[in-house]
Amino acid sequence: MKVLITGGTGYIGATAVEIMRSLGYEITILDDCSTGHADTVPTGLSFIQGSLLNPTDVAQALAGVEAVVHFAGKSLVGESVEKPDLYHHVNVDGTRILLDQMHQVGVKKIVFSSSAATYGEPTQIPIKESAATAPTNPYGATKLAIDHMLSAESAVRGLAATSLRYFNVAGALHCDRGWLTERHNPETHLIPNVLRSSAENPLKIFGGDWPTPDGTCIRDYVHVIDLIDAHVKALESLASPHHEIYNLGSGDGYSVRQVVAAASTALGYAVPTLDSPRRAGDPAVLIADISKARDGLNWIPTRGIEAMVADTVASFK
Ligand code: UFG
């Protein structure tokens, strides 16, 4: 099957390119490399360095394609609060152009990177797909707007669409070109920041007074390789015009201090930390109910927090 992967030079998109290529998919990448890295693109692969906001680039990228796996978009919660219009433009307007171009050339299948940020502050843990959606930041609002667009497209234009709502993605993949890993600038995510912690620049623990057993926030971490496995399963199950939403996490929660402890074990020294004030917008606990993905996609994540930390440690060496 020939597949367009948008955002295929980012952390998650590049991992998808590598895994799907090894499974025999023919791939075209469309990415403007605004946050991704062109050096992740395998030699000889079809790569269009262009923008979702440019219909000509999108039309070129869709040539001969049967399905789209759509990762491209801006993804920093904090930045989205400062630049809501930018997030709306790139994420929502960009996806609108993609869907219109897909319709024009008759591409009827899409798997989309949605987010747990669509739910906002949860009223129940674990979070089911049927939970209320009330995003607390513009990033989550753009992902929710796209989920709604996909529902409408499936009803009106016959699109077969799956939204995958990621919780906290972590880990790395080793391939013939080295490690595909998190290379964000600025880096806001916990595990890379834990691994970069030093005595001079200790990891800031954002809040020690949360209503959790050790006082730090709890999150649901899923290995990027397991995450892409779910994308492949979602892609292969797309058939009739329909929009389905699945949570992707592990179904387990780890506190910030538990992640620091796992990293300290992997590194062989105590990671330096600094108790710091809460970060604005952080919910106390986010844990996915993944039973729908388990039953509907036949998907079971197999890599735990130790593997996510160990792979990230190896990828940073
Ligand atoms: N944290 C720290 N110190 C750091 C970085 C993070 O204490 O230096 C804490 C955060 O406060 C939070 C936890 O570690 O409690 C995880 O933080 P991340 O920034 O790694 O991840 P988030 O849970 O904030 O965000 C993730 C995705 C977002 C998505 C969100 C959904 O990265 O894209 O989950 O809720 F929107």
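Please read all numbers here as calculations on a predicted model, not as lab measurements.

Undergrad: Explanation requested: the side chain of His 231 in the structure shown.
TA: Examined against the element boundaries, His 231 turns out to sit in helix α7 (residues 224-237). Here Tyr 166 takes part through its side chain, which lies 2.7 Å from a polar atom of the side chain of His 231. Non-local contacts of His 231, meaning those with residues more than four positions away in its chain, are made with Val 69, Phe 71, Val 111, Leu 164, Tyr 166 and Leu 248.

Undergrad: What's the story with unusual backbone geometry in this structure? I'm lost.
TA: In terms of backbone geometry, most residues other than glycine have negative phi values and most peptide bonds are trans. Going from Ile 125 to Pro 126, the amide bond is cis rather than trans, its omega being -5°. Relative to the assigned elements, Pro 126 resides in the loop between β5 (109-115) and α5 (138-157). Between Asn 185 and the following residue, Pro 186, the backbone shows a cis peptide bond with an omega angle of 5°. With respect to the element layout, Pro 186 can be found in the loop between β9 (178-180) and α6 (190-196). In this structure, Cys 33 takes a positive phi of about 60° despite not being glycine. Within the fold, Cys 33 resides in the loop between β2 (26-30) and β3 (46-48). Accessibility expressed as a relative area gives 17% for Cys 33, which makes it buried. A positive phi angle, close to 60°, is found at Asn 298, a residue other than glycine. Secondary-structure assignment places Asn 298 in the loop between α9 (291-297) and α10 (305-315).

Undergrad: Sorry if this is basic, but what is going on with the domain arrangement of the chain here?
TA: Its domain assignment divides the chain into domain 1 (2-169 + 221-247) and domain 2 (172-220 + 251-316). On a C-alpha basis, the centres of domain 1 and domain 2 stand 23 Å from each other. Listed by partner, the interface residues are 39 residues for domain 1 and 40 residues for domain 2. Together, the buried faces of domain 1 and domain 2 total about 3500 Å²; carbon and sulfur atoms form 60% of this surface. Sorting the residues of domain 1 by area buried against domain 2 places Tyr 11, Tyr 221 and His 223 first, and these three jointly supply 24% of that buried surface. In this structure, the connection of domain 1 to domain 2 is made through six salt bridges.

Undergrad: Teacher, can you tell me more about the sheet that holds strand β6 (residues 160-166) here?
TA: Sheets are built from strands paired through backbone hydrogen bonds, the pairs being either parallel or antiparallel. Pairing is parallel in the open sheet, where seven strands are placed in the order β3-β2-β1-β4-β5-β6-β13. Edge positions in the open sheet fall to β3 and β13 (242-248), since each of these has one partner strand only. Each strand of the sheet is rotated relative to its neighbour by a mean of 20°, with strand direction disregarded. Across seven bridges, the pairing between β5 and β6 is parallel. When the bridges of β6 are listed, Ser 115 appears paired with Tyr 166.

Quick notes on the rules
Residues numbered from 1 in each chain as written. Predicted model: local features only at pLDDT ≥ 70, side-chain atom pairs only at ≥ 80, totals over all residues. Heavy atoms only, no water. Helix = DSSP H or I, 4+ residues; strand = E, 2+ residues; numbered from the N terminus. Polar contact = N/O pair within 3.5 Å; in protein donor to acceptor, adjacent residues only side chain to side chain. Contact = heavy atoms within 4.5 Å. Buried < 20%, exposed > 50% of the residue type's maximum accessible area, 1.4 Å probe, protein only. Domains from an automatic or database assignment. Buried area = accessible area lost by both parts, 1.4 Å probe. Salt bridge = Lys/Arg side-chain N within 4 Å of Asp/Glu carboxyl O. Pairing = 2+ DSSP bridges. Axes fitted to C-alpha atoms, helices over the stretch in contact; angles between N-to-C directions.

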